[in-house]
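Single-letter residue listing:
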Amino acid sequence: MSEHATVSAPICAYTRLTREQMAARVARDIPEGAYVNLGIGLPTRVANYLPADREIFLHSENGLLGMGPAPAPGSEDPELINAGKEPVTLLAGGSFFHHGDSFAMMRGGHLDICVLGAFQVSSGGDLANWHTGAPGAIPAVGGAMDLALGAKQVFVMMELLTKTGESKLVEQCSYPLTGIGCVDRVYSDLAVFDITPQAVVVREAVAGLSLDELRRLTGLPLQAGA
Amino acid sequence: MIDKTVASMDAALAGIHDGATIMIGGFGTAGQPTELIDALIAQGARDLTIVNNNAGNGEHGLAALLQARRVRKIICSFPRQADSQVFDALYRAGEIELELVPQGNLAARIEAAGAGLGAIFTPTGYGTLLAEGKETREINGRHYVLEYPIAADFALIKAQRGDRWGNLVYRKAARNFGPIMAMAARCTIAQVADIVPLGQLDPEVIITPGIFVQRVIALTSAVPQSEAA
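The structure reproduced in this document is the subject of the present report.

The rules behind the values
Residues numbered from 1 in each chain as written. Chains lettered and ligands numbered in written order. Predicted model: local features only at pLDDT ≥ 70, side-chain atom pairs only at ≥ 80, totals over all residues. Pairing = 2+ DSSP bridges. Helix = DSSP H or I, 4+ residues; strand = E, 2+ residues; numbered from the N terminus. Buried ≥ 20, exposed ≤ 12 C-beta atoms within 10 Å, placed from the backbone. Arc of directions from axis to C-beta. Contact = placed C-beta atoms within 7 Å. Axes fitted to C-alpha atoms, helices over the stretch in contact; angles between N-to-C directions. Parallel < 35°, antiparallel > 145°, perpendicular 65-115°, else oblique. Left-handed = near helix turned anticlockwise from the far one by under 90°. Nonpolar A, V, L, I, M, F, W, Y, C, P; charged D, E, K, R; others polar. Core = buried A, V, L, I, M, F, W, Y, C linked by C-beta atoms within 7 Å.

Some thoughts on the sheet that holds strand S9 (residues 127-128) of chain A
All names here are of chain A. The strand order S9-S8-S11 describes an open sheet built from three strands, whose pairing is mixed. The two strands at the open ends of the sheet, each matched to only one other strand, are S9 and strand S11 (169-170). The pairing of strand S8 (residues 120-122) with S9 spans two bridges and is classified as antiparallel. Bridge pairing in S9 places Gln120 opposite Ala128.

Regarding helix H2 (residues 34-43) of chain B
All names here are of chain B. Within H2 the residues assigned to the buried category are Leu36, Ile37, Ala39 and Leu40. Along H2, the residues classed as buried sweep out an arc of 160° about the axis, all on the same side. Tucked inside the fold, the buried residues of H2 contact helix H1 (9-12), strand S1 (21-24), helix H3 (62-67), strand S8 (152-162) and strand S10 (185-195). Positive backbone phi, approximately 100°, marks Gly44, located one or two places after H2.

Some words on the packing of helix H2 (residues 99-107) of chain A against helix H5 (residues 103-115) of chain B
In contact at an axis separation of 9 Å, H2 of chain A and H5 of chain B are set at 125° when each is read in the N-to-C sense. Between H2 of chain A and H5 of chain B, the angle falls in the class oblique. Of the two elements, H2 of chain A crosses H5 of chain B, and the hand of that crossing is left-handed. Residues His99, Gly100, Phe103, Met106 and Arg107 of chain A of H2 of chain A touch H5 of chain B, and the partners they reach there are Gln103, Gly104, Ala107, Ala108 and Glu111 of chain B. Classifying every residue of the contact of H2 of chain A with H5 of chain B gives four nonpolar, four polar and two charged.

Considering the nonpolar core
What tends to happen in soluble globular proteins is that the nonpolar side chains get buried as a cluster. By size, the foremost hydrophobic cluster in this structure holds 133 residues, and its most contacted members are Val156 of chain A together with Ala155, Met181 and Ala184 of chain B. Not counting chain neighbours up to four residues away, the residues in contact with Ala155 of chain B comprise Met23, Met181, Ala182, Ala184, Ala185, Thr188 and Ile189 of chain B.

Topic: the pairing of strand S3 (residues 35-38) of chain A
Residue and element names in this part refer to chain A. As paired strands, S3 and strand S4 (residues 57-60) are joined by three bridges and run parallel to one another. From the neighbouring strand, Tyr35 faces S4, where its bridge partner is Phe57. Two elements, S3 and strand S7 (residues 113-116), share three bridges in a ladder whose sense is parallel. Across the sheet, Asn37 pairs through a bridge with Cys114, a residue of S7.

Next comes the structure, spelled out in structure tokens:
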């Protein structure tokens, strides 16, 4: 399905956000001065939409704070990489540190926001993003479990539905968990949700998508935002 | 005069025995002590337990050590990568044991060994597959998993510069696991680009004090400049 697919339903028509639009949407909610870790994959794109006039500190688990954008072609340094092992730069004022300190920043609650991808998020804020549990799959966890529980706010960025139309926002995760009750907000291609102790609250939805239709798509008793 | 610098890879790796537990620094290939690993392959020790963040990339370095069938078990956080084909094949064939550890727990367990702690309570992994069967405790309303230190017989690490007392400074994000692995191994062997005369490393910026390092080998300018210079 193309990223621009228009979905038609009996009572409404709406357009999903592209992945770039999702990244821009997340970036809008990251305030100046925030210490932020962007997970590998889709969340990495958020960096491209952080406004230049806002000072935001990007952390990378492999020991960087003040991470900058990708270097110009030809200027890559194999010893200056991000968590996805892609070449990056360091901003003026940036710093390097070892893994013990890096994960103390994460586990110790020093990061303000982390943005993670997910296979599933439950209505109670459980996160599944490290392992499908499929037979023969080689498990790899990296820093996902530390990020999931360490940051002051955990944002998930994902498409709301799987390719076969199943909601990834679920009552109970069926994939192995990364963390319990750790997700605060979900930014999807159809809506933004707050996971609160009482309910999953729809903060906003794309134009033309009703609360009832979102309830139908997710099968969850979603509440309207204020 | 104390001189921890060694002139040859043979001297650097002397005493590494079959069945040893060896920490190897690096995050992917950044900070990976490739020359020490190549020398370890030539040295021949087998039945090794390796502690690393990953499980080898491509066909070189740690991947080559695995390919040479020297590794019985790997303790790591992120084995599966686009270029981890050597590990993937060994794992699927049941020819290597994997202990998968969340990355922060890997770091904390290494630090615990270096700091002489008996165990740690960590929140990471609580309620997940990776904490199954492990002791847990609720402390001030939060849930923790009991995890034990990871110590090693040897650590092979890469630094930018060292001196004959074993003081080290690193380069950029190649630092990663080096400083904490140096603390957790009985014998830490550092490969450096340069050995400088004692006193030339600014004491304010030394990252690994020499107490944690037993051997230093220079890859490029093997002959240190005169300390009197």
